[in-house]
Amino acid sequence: MTAQDDVLRRVNRNGVELIRVVFVNNSGVPRGRVVDSEKLRGVLEEGANVTEAMQSFNALDRLVSGGRYGPAGEVRVVPDPETFTVLPYADRAAVMLADLHDLGGSPWAAGPRARLRDYLDDIGDDGYVPHLAFESEFYYTRESDEGETVPYDDTTCFAADGMQRAHDLILETVDALKAQGMGLSTYYPEYGPGQQELVVDHDAGVAASDNQILFKQTVKAVADAHDVGATFRPTPFSDLPGNGCHIHLSLWQDGENVLYDSAATSRYPLSEEGRHFVGGLLEHAPALVALTAPTVESYNRLQPGMWASAYTCWGHDNREAMVRIPSADADDPAATTRVEFKPSDNTNNPYLAQLGLLAAGFDGIERELDPGEPLNRDPDTVEDDDRSALGIERLPDSLDAALDALEADAALAAALGEPLHQSYLEVKRSEWEQSTDDGEWETEYLNRSF
Ligand code: GLU
Ligand code: MG
């Protein structure tokens with residue numbers, strides 16, 4: 001039986017009527033088409049139509065004026081049969097993640113998911129497989145008597161009371177995640193009142209990014225069914241902790257985690273290859289954050305004291321470092337040695353975030369970049385001169401500055417390819433320009449899109 005036949009069989013067996021075919025464009029917002037089950041065979045074969053302009057569309061649903069893609073030109077949204085998932089939170093509905101193809105049937109060069117798949121195939125030729133987990137934070141919200149959006153509760157950091165207040169929502173969310181094949185790695189009420197951290201188990205390559213999309217949709221759908229708000233914005237409340245989406249990454253080759261040094265005796269057994277990978281992340285950090293922290297508001301979060309990281313440094317269990325090496329589990333260091341990349345939030349396109357991390361890390365491996373010694377204190381408390389001597393720099397303090405770095409970064413430009421690199425820059429620059437023209441814009445679009 002082909003993968004397509006298998007999908008059709010599962011559609012029938014589960015009484016699915018409507019299938020959401022979802023992709024994520026440069027704006028980071030999941031979008032797509034809904035297909036009737038009777039028309040699904042054709043869409044599995046040929047894809048559904050969509051305008052090319054989707055890749056010049058920003059998060060406020062505005063087309064970049066004079067952008068690379070406009071009203072003329074068509075691509076196909078082609079669902080990946082591997083991703084067929086019955087939705088536990090929507091009646092007789094399923095979802096499939098999709099790639100964008102050109103009309104000739106080949107992956108479209110400006111399509112983020114297909115570009116990541118190509119990159120993974122390339123490193124896969126050398127036996128490499130990355131595993132990632134997206135450590136998402138979000139706030140549950142409610143409307144106050146005055147009609148303001150406020151945090152859902154007033155509980156404190158990691159509080160047992162917070163677990164109880166959000167229990168029904170979290171339980172239903174976890175059930176729904178499991179029904180979609182995602183396991184719960186970690187959950188707890190985070191620092192902010194009403195803020196949650198819920199992490200799905202790590203997965204390989206594209207599947208990890210697919211999961212991040214399914215995860216966010218699930219959190220929002222369950223909250224919505226309870227008339228509770230859920231926001232993944234980087235800083236929804238200016239006086240409260242931000243929402244990060246740190247990315248945990250390990251790198252496997254022929255069944256071995258190449259970030260792990262089996263001869264090391266410390267709780268941070270990072271291999272030489274792992275150190276080079278970190279060196280690459282540090283080297284490309286200013287450009288990389290344009291992909292991982294890609295909205296205007298992202299830079300309110302990348303400030304000292306936010307535990308989100310603000311400087312290009314790495315450290316052992318250092319939560320103010322851009323790259324944290326978490327202490328490996330004593331009983332299984334080989335499987336748990338990893339890098340945690342902190343300047344990342346939930347407004348990113350998870351395919352592009354993953355592609356950027358891999359391109360930066362592999363550049364570090366190829367060039368044997370030395371990350372220097374790990375910094376095991378808050379970089380903001382290091383004297384300016386000492387910081388400079390250590391090669392530690394402030395991360396870009398605005399989306400604008402990060403985009404300039406991404407434009408100039410040859411390794412990331414090559415990984416993205418020209419159509420994706422240029423269209424991404426255009427879309428994100430249009431968001432920056434609109435936010436500076438109209439102060440309300442930022443808030444409005446973030447509430448609607450994330
Ligand atoms: N909320 C912090 C951030 O925005 C992360 C806190 C933590 O999990 O260490 O990245
Ligand atoms: Mg956290």
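Located above this text is the structure these notes cover.
K.L.:
Mind laying out the overall build of the protein chain, listing which residues take part and the relevant values?
P.N.:
Within the protein chain, the regular secondary structure consists of 16 helices and 17 strands. Its C-alpha atoms give the protein chain a radius of gyration of 21 Å, near enough to 22 Å, the size a compact globule of 450 residues would have. The principal-axis extent of the C-alpha atoms belonging to the protein chain is close to 65 × 55 × 50 Å. Split into buried and exposed, the 450 residues of the protein chain put 56% on the buried side. A separation of at least 24 residues holds for 71% of the contacts in the protein chain among residues at least 6 apart in sequence.

K.L.:
Explain the nonpolar core residue by residue, including any values.
P.N.:
By size, the foremost hydrophobic cluster in this structure holds 84 residues, and its most contacted members are Tyr140, Phe277, Leu281, Val323, Val339, Phe362 and Leu406. Sort the elements by how many residues they give to this core and helix H11 (residues 350-367) lands first, with ten residues. Sequence-distant contacts of phenylalanine 362, that is, excluding residues within four places in its chain, are made with Tyr119, Ile123, Tyr128, Leu251 and Phe277. Listed in part, the 25 residues of the second largest apolar core include Met54, Phe57, Val75 and Ala98.

K.L.:
Tell me about the site of ligand 1, and please be specific about residues and values.
P.N.:
Every one of the 14 residues lining ligand 1 counts as a neighbour, but Glu137, Glu190, Gly242, His246 and Arg301 are closest to it. At 3.1 Å from an oxygen atom of ligand 1 is found a side-chain nitrogen or oxygen belonging to glutamate 190. Contact between ligand 1 and histidine 246: an oxygen atom at 2.7 Å from a side-chain N or O atom of the residue. In the complex, the protein chains occlude 92% of the 300 Å² of accessible area that ligand 1 would expose alone. Within the shell around ligand 1, the residues separate by chemical class into three nonpolar, four polar and seven charged.

K.L.:
Before we move on, could you go through the environment of aspartate 397 and cite the residues and values that matter?
P.N.:
Within the secondary structure, aspartate 397 sits in the loop between helix H12 (384-389) and helix H13 (399-408). The sequence separation of aspartate 397 and valine 296 amounts to 101 residues, and the corresponding C-alpha distance is 10.0 Å.

K.L.:
Before we move on, can you summarise the packing of helix H8 (residues 285-292) against H11 with the specific residues and values?
P.N.:
Where H8 contacts H11, the two axes come as close as 8 Å, and the packing angle between them is 160°. Compared by their axis directions, H8 and H11 come out roughly antiparallel. In terms of crossing hand, the pair formed by H8 and H11 is left-handed. Contacts between H8 and H11 pair Leu288, Leu291 and Thr292 from the former with Leu352, Ala353, Gly356, Leu357 and Ala360 from the latter. Grouping the constituent residues of the contact of H8 with H11 by class yields six nonpolar, two polar and no charged.

K.L.:
If you had to explain the pairing of strand S7 (residues 128-143) to someone new, which residues and values would you point to?
P.N.:
Of all 16 residues making up S7, twelve are buried, and the element is well covered by its neighbours. Of the strand pairs in this sheet, S7 and strand S13 (residues 245-253) are connected by nine bridges, and their pairing is antiparallel. Directly across from proline 130, in S13, lies its bridge partner leucine 251. As defined by bridge partners, S7 adjoins strand S10 (residues 195-200) across five bridges and the pair is classed as antiparallel. What sits directly across from phenylalanine 138, in S10, is glutamine 196.

K.L.:
I'd like a description of the packing of helix H7 (residues 272-283) against H8, backed by residues and values.
P.N.:
Interhelical geometry of H7 versus H8 gives an angle of 80° and a closest axis separation of 6 Å. On the basis of the axis angle, H7 is roughly perpendicular to H8. Together, Leu281, Leu282 and Glu283 of H7 and Ala285, Pro286 and Leu288 of H8 make up the contact between the two elements. Residue composition of the contact of H7 with H8, grouped by class: five nonpolar, no polar and one charged.

K.L.:
Tell me about the packing of aromatic side chains, and please be specific about residues and values.
P.N.:
Scanning all chains against the criterion turns up ten aromatic pairs. Relative to tyrosine 188, the ring of phenylalanine 158 has its centre 5.0 Å away and its plane inclined at 80°; by these criteria the two rings are edge-to-face. Of the two residues, phenylalanine 158 sits in the loop between strand S8 (149-151) and helix H4 (160-165) while tyrosine 188 sits in strand S9 (residues 184-189), which places them 30 residues apart along the sequence. The class for tyrosine 188 is partly exposed, based on a relative accessible area of 23%. Grouped by ring-pair contacts, the aromatic residues Phe138, Tyr140, Tyr152, Phe215 and Phe232 constitute a single cluster. Taking NZ or CZ as reference, lysine 216 lies 5.9 Å from the ring centre of phenylalanine 232, over its face. One cation-aromatic arrangement involves arginine 394 over tyrosine 311; the distance from NZ or CZ to the ring centre is 6.0 Å.

K.L.:
An account of H8 is requested, with residue identities and associated values reported.
P.N.:
Along H8, seven of the eight residues are buried, which leaves the element largely enclosed by surrounding structure. Considered for burial, the residues of H8 that qualify are Ala285, Ala287, Leu288, Val289, Ala290, Leu291 and Thr292.

K.L.:
How would you sum up the pairing of strand S1 (residues 18-24)? Please name residues and give values.
P.N.:
Regular strands place side chains that alternate from one sheet face to the opposite one. Counted residue by residue, S1 has five buried out of seven residues, so it is predominantly covered. Across five bridges, the pairing between S1 and strand S6 (residues 93-101) is parallel. Paired with valine 21 across the strands is methionine 96, a residue of S6. Across seven bridges, S1 lies against strand S2 (residues 30-36) in antiparallel orientation. Across the sheet, valine 22 pairs through a bridge with glycine 32, a residue of S2.

K.L.:
Hey, could you go over the pattern of salt bridges for me, with residue numbers and the actual values?
P.N.:
Considering all chains together, one arrives at 22 salt bridges under this definition. Between arginine 429 and aspartate 404 there is a salt bridge whose closest N-O contact spans 3.0 Å. Taken together, the residues arginine 429 in helix H15 (residues 418-437) and aspartate 404 in helix H13 connect sequence positions 25 residues apart. Judged by relative accessible area, which is 43%, aspartate 404 ranks as partly exposed. In this structure, the salt-bridge partner of glutamate 431 is lysine 428, at a minimum N-O distance of 3.1 Å. Placement of both glutamate 431 and lysine 428 in helix H15 is noted, with a separation of three residues, approximately one turn of the helix. In this structure, glutamate 431 and lysine 428 share a single accessibility class: buried.

Conventions we followed
Sequence order sets the numbering: in each chain, residues are counted from 1 along the sequence as written. Chains and ligands are labelled sequentially in the order written, the chains with letters from A and the ligands with numbers from 1. Totals for whole chains, interfaces and linings use all residues, but because this is a predicted model, local features are given only for residues with pLDDT of at least 70 and pairs of side-chain atoms are given and counted only at 80 or more. No hydrogens and no water enter the side-chain calculation; it runs on all heavy atoms of the structure. Secondary structure counts use DSSP, requiring at least four H or I residues in a row for a helix and at least two E residues in a row for a strand, with both numbered from the N terminus. Atoms counted for the radius of gyration: C-alpha only. Globule rule: 2.2 Å times the number of residues to the power 0.38. Categorising residues by exposure relies on relative accessible area from a 1.4 Å probe, with only protein chains included: less than 20% of the type maximum marks a residue as buried, more than 50% marks it as exposed, and the intermediate range marks it as partly exposed. Contacts were defined at the residue level, with two residues in contact if any of their heavy atoms lie within 4.5 Å. By nonpolar core we mean a set of buried residues, namely Ala, Val, Leu, Ile, Met, Phe, Trp, Tyr and Cys, connected to one another through side-chain atoms within 4.5 Å. Here a residue is near a molecule or strand as soon as one of its heavy atoms is found within 4 Å of it. For the purposes of these results, a polar contact is taken to be a pair of N or O atoms within 3.5 Å, where, inside protein, one atom must be able to donate a hydrogen and its partner to accept one; residues adjacent in sequence count only when each atom of the pair is a side-chain atom. Residue exposure ignores everything except the shown protein chains as possible cover, and the areas themselves are Shrake-Rupley values with a 1.4 Å probe. In this classification, Asp, Glu, Lys and Arg are treated as charged, Ala, Val, Leu, Ile, Met, Phe, Trp, Tyr, Cys and Pro as nonpolar, and every other residue, Gly included, as polar. For helices, the fitted line uses only the C-alpha atoms of the stretch in contact; every axis is such a line through C-alpha atoms, and the angle between N-to-C directions lies from 0 to 180 degrees. Relative orientations are named as follows: roughly parallel for angles under 35 degrees, roughly antiparallel for angles over 145 degrees, roughly perpendicular for angles from 65 to 115 degrees, and oblique for any other angle. Note: crossing handedness is left-handed where the near helix turns anticlockwise from the far helix by less than a right angle, and right-handed where it turns clockwise. Two strands pair under a simple rule: DSSP has to find at least two bridges between them. Between 30 and 60 degrees the pair is tilted, below 30 it is stacked and above 60 it is edge-to-face, where a pair is any two Phe, Tyr or Trp rings, Trp via its six-membered ring, whose centres lie within 6.5 Å. Here, a charge over a ring means that NZ of Lys or CZ of Arg falls within 6 Å of the ring centre while also lying within 35 degrees of the ring normal. For this document, the term salt bridge refers to a Lys or Arg side-chain nitrogen within 4 Å of an Asp or Glu carboxyl oxygen.

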